[in-house]
Amino acid sequence: MASNSAPLSGGQLVVVALRAHRVEIAFSVAGESYLEVLDALYDAPEIRLVTCRQEGGAAFMAEAYGKLTGKPGVLLVTRGPGACNASIGIHTAFQDSTPMVVLVGQVARHQIDREAFQEVDFRRMFAPLAKWVAQIDLAERVPELMNQAFQVATSGRPGPVVLALPEDMLRDRAVAAVSGPYQAVRAHPGAADLAELRRLLAAAERPIMLVGGGGWSDAACHDIARFAEASDLPVCCSFRRQDIVDNRLGVFAGDLGTGASPALVARVKRSDLLLAVGARIGEITSQSYSLLDIPDPGKTLIHVHPSAEELGRVFRPTLAIQSGMPEFAAAAVALRPVPAPRWAPWRAAVRAEYEAGLLPSPAASGGALDLGRVMTWLRDRLPDDAIVTSDAGNFSGWPNRFLHYRRPGRQLGPTSGAMGYGVPAAVAAKLVHPERIVVGFCGDGGFLMTGQELATSLAEGVGPIILLFNNAMYGTIRMHQERRFPGRVVGTALKNPDFTALARAYGAFAATVSRTEDFAPAFEEAATGNRAAVIELAIDPELITTRTTLSAIRHQAEARASAKAEARGRKNPG
Ligand SMILES: Cc1ncc(C[n+]2csc(CCOP(=O)(O)OP(=O)(O)O)c2C)c(N)n1
Ligand SMILES: [Mg+2]
């Protein structure tokens, strides 16, 4: 507890609280509404203030920091416009269960409700986007509410907290005792829960574990993998959570993302017991709620989640266990393994299908730039501690399907599906681990949403490697368009700038790769330099997913449409 007898300004108290909660880094775009906080940071060089170029990028950096470290990502933005730009990262932190503390400047208290300059009622604006929103109206309450913000952001199901800071409150002076650091509160599984889990598991024929969600430490990941191995339990993971269980282990079965393997989806449907640990079993992971029936899942469902509110929310579990991930994983690994489980052939078959999926699909192979071969090379090249970040878009199917994730390496991707995540997340990851290789995957669409944060990366002297998949379109949406409205392309074609010239203008290393054999040398050159690098991959637009082509999708849609028309014609002849 740090007590100060001399009065401090509200802004200084905010920074004293940041220190008390052991904040090492904060991401910001400056604003005149919180000058007092900035000025107090001038005297706190131990907090690295990263000056970003747009609040969306800054918010994604704070989110990626939270996802990577488990500690709240701290974001400082100005009132209305700053908060609006930042909202995408706050929404992502909410959907992705990432701890984050957002400090937003606010108009002076005596001007509130006049629609003063840039005034927004942040409680209303962020109500459905954040885990908690508050405004600090009294300087003496800064320590209390900052403490509450860090507690709420990290406890139970982690998430983003927004604190509005009226500018006159930041100027007020107060004597206040600041306490910290926060202590994240998490539930533990009970002995009866664990005994019931073991009993249900022992009775199963075709069990499968699904790991996902936030709040996993490296130790918890290690423990849950050992638990799976001890009972020979196949483990899949939820959307963009592939780094929880080492993908090279014989128990790992793949991911339930947007490009999930049809074989894995079929296995999860056929399983008689699903042990979901940490995953919400959201829309993407549940393959549009098709994996399980609602509300009765139609199989034994054991759902372990840090939040009581999530358990039984959509699916009614046979056994619900409220627990933090480290607490559950430690208890699971201490359980007596189920003896000689009868599902060994089931686990082996699931794994064999995953391994078969690592062979590139014929429809998406060959060509001057063979992405299957590029990804296979990268899988072998990346060290164990590499951090892979991803934007949202169809290109992400390539790293998701072909790379091997594991701790301490990480996969940082927006389960919210927010475009623009890849570059800022890579910058944030490289700030945390400058000694590691950080590779950020982006499409041409997503890159131009937040690619300006390359400037931040150059300014901070950190060099992630950005792989830019340029197919001159919003490919994901074009794919959906061809499925629903074949041949009617609208709003999805992109006319791009010269990406390598753009990257060089930022001071980054840049190269364009259009042949398989040119990828490795370009990557090695990027990896040996210590500045940001952009490798543009000239993608054949036909290669719309890792499994099929754009024309195949269009032809299937046309065939479906004509079969439907024919059926209609038979019903109403003449
Ligand atoms: C911020 C945001 N805007 C729009 C979308 C809808 N959306 C999803 S994927 C996508 C296209 C992505 O294009 P690109 O980055 O080029 O990747 P590609 O799909 O072509 O590989 C769009 C527009 C989104 N998910 N997020
Ligand atoms: Mg694209």
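Computed from a predicted structure; not experimentally measured.

## Describing the overall build of the protein chain
Link 1 in the chain: For the protein chain, the helix and strand inventory stands at 21 helices and 22 strands.
Link 2 in the chain: Rg of the C-alpha trace for the protein chain: 25 Å, near the compact-globule value of 25 Å for 574 residues, within the 12% margin.
Link 3 in the chain: Going through the 574 residues of the protein chain one by one, you find that 57% of them count as buried.
Link 4 in the chain: Long-range contacts, defined here as pairs at least 24 residues apart, represent 77% of the contacts in the protein chain between residues at least 6 apart.
Link 5 in the chain: Approximately 22500 Å² of the protein chain is accessible, and the part contributed by carbon and sulfur atoms is 52%.

## Brief notes about the coordination of the magnesium ion (ligand 2)
Link 1 in the chain: Only Asp444 (OD), Asn471 (OD1) and Met473 (O) from the protein coordinate the magnesium ion (ligand 2), and they sit 2.1 to 2.2 Å from it.
Link 2 in the chain: Sequence spacing of the donors to the magnesium ion (ligand 2): D-x26-N-x1-M. Linking Asp444 in helix α16 (residues 444–450) with Asn471 in the loop between β20 (465–470) and α18 (475–484), this pair joins segments that are 27 residues apart in sequence.
Link 3 in the chain: On the basis of relative accessible area, Asp444 is assigned to the buried category, the value being 2%.
Link 4 in the chain: Accessibility expressed as a relative area gives 16% for Asn471, which makes it buried.

## Structural notes on the site of ligand 1
Link 1 in the chain: Of all residues adjacent to ligand 1, which total 17 residues, the nearest are Gly417, Asp444, Gly445, Gly475 and Thr476.
Link 2 in the chain: In the model, a nitrogen atom of ligand 1 is placed 2.8 Å from a nitrogen or oxygen of the Gly417 main chain.
Link 3 in the chain: In this structure, an oxygen atom belonging to ligand 1 sits 3.0 Å away from a side-chain N or O atom of Asn471.
Link 4 in the chain: In isolation ligand 1 offers 590 Å² of accessible surface; the protein chains occlude 78% of this area.
Link 5 in the chain: Those elements giving two or more residues to the shell around ligand 1 turn out to be α16 and α18.

## As for the nonpolar core
Burial of nonpolar side chains together is a common tendency in soluble globular proteins.
Link 1 in the chain: Met209, Val211, Ile224, Phe227, Leu275 and Val277 are the most contacted members of the largest nonpolar core, which totals 57 residues.
Link 2 in the chain: Ranked by residue count, the leading element in this core is helix α9 (residues 218–230), at six residues.
Link 3 in the chain: Residues Phe27, Phe60, Leu75 and Val77 belong to the second largest nonpolar core, which totals 52 residues.

## Here we look at the pattern of salt bridges
Link 1 in the chain: Per the stated rule, a full pass over the model turns up 34 salt bridges.
Link 2 in the chain: A salt bridge links Lys67 to Asp96; the nearest nitrogen and oxygen atoms lie 2.5 Å apart. Placement of the pair is Lys67 in helix α3 (residues 55–69) and Asp96 in the loop between α4 (80–95) and β6 (100–106), with a sequence separation of 29 residues. Per residue, the accessibility class of Lys67 equals that of Asp96, and both read buried.
Link 3 in the chain: Linking Arg313 and Glu310 is a salt bridge whose minimum nitrogen-to-oxygen distance equals 2.8 Å.
Link 4 in the chain: For Arg313, a relative accessible area of 52% puts it in the exposed group.

## Focus: the packing of α9 against helix α11 (residues 325–334)
Link 1 in the chain: Orientation of α9 relative to α11, taken along the N-to-C sense of each, is 35 degrees, at an axis distance of 8 Å. In this structure, α9 meets α11 at a crossing whose hand is left-handed. Across the interface between the two elements, Ala220, Asp223, Ile224, Arg226 and Phe227 of α9 pack against Met325, Pro326, Phe328, Ala329, Ala330, Ala332 and Val333 of α11.
Link 2 in the chain: For the contact of α9 with α11, the residue count by class is ten nonpolar, no polar and two charged.

## Comments concerning the pairing of strand β11 (residues 207–211)
Link 1 in the chain: Counting buried residues along β11, five of its five residues qualify, which places the element largely inside the surrounding structure.
Link 2 in the chain: Burial along β11 is two-sided: the residues Pro207, Met209 and Val211 and Ile208 and Leu210 are all buried.
Link 3 in the chain: Bridge count for β11 against strand β14 (residues 273–277) is five bridges, and the pairing is parallel. Among the inter-strand pairings, Pro207 is bridged to a residue of β14, identified as Leu273.
Link 4 in the chain: In this structure, β11 lies alongside strand β12 (residues 235–238), joined through three bridges in parallel fashion. Residue Met209 lies in a different strand from β12, and its bridge partner there is Val235.
Link 5 in the chain: Following the chain from β11 across α9 to the adjacent parallel β12, one finds a crossover that is right-handed.

## Concerning the environment of Ala20
Link 1 in the chain: Inspection of the secondary structure puts Ala20 in helix α1 (residues 10–20).
Link 2 in the chain: Looking at Ala20, the relative accessible area reads 16%, which means it is buried.
Link 3 in the chain: Put simply, Ala20 and Glu353 are 333 residues apart on the chain and 50 Å apart in space, counted from C-alpha to C-alpha.
Link 4 in the chain: Setting aside its immediate chain neighbours within four residues, Ala20 contacts Val178, Ser179, Gly180 and Pro181.

The rules we used
Residues numbered from 1 in each chain as written. Chains lettered and ligands numbered in written order. Predicted model: local features only at pLDDT ≥ 70, side-chain atom pairs only at ≥ 80, totals over all residues. Heavy atoms only, no water. Helix = DSSP H or I, 4+ residues; strand = E, 2+ residues; numbered from the N terminus. Rg over C-alpha atoms; globule rule 2.2 N^0.38 Å. Buried < 20%, exposed > 50% of the residue type's maximum accessible area, 1.4 Å probe, protein only. Contact = heavy atoms within 4.5 Å. Areas by Shrake-Rupley, 256 points an atom, 1.4 Å probe, with all protein chains shown as cover. Donors = N, O, S within 2.8 Å, 3.2 Å for Na, K, Ca; no water. Near = heavy atom within 4 Å. Polar contact = N/O pair within 3.5 Å; in protein donor to acceptor, adjacent residues only side chain to side chain. Core = buried A, V, L, I, M, F, W, Y, C linked by side-chain atoms within 4.5 Å. Salt bridge = Lys/Arg side-chain N within 4 Å of Asp/Glu carboxyl O. Axes fitted to C-alpha atoms, helices over the stretch in contact; angles between N-to-C directions. Left-handed = near helix turned anticlockwise from the far one by under 90°. Nonpolar A, V, L, I, M, F, W, Y, C, P; charged D, E, K, R; others polar. Pairing = 2+ DSSP bridges. Right-handed = clockwise from strand over helix to strand, strands pointing away.

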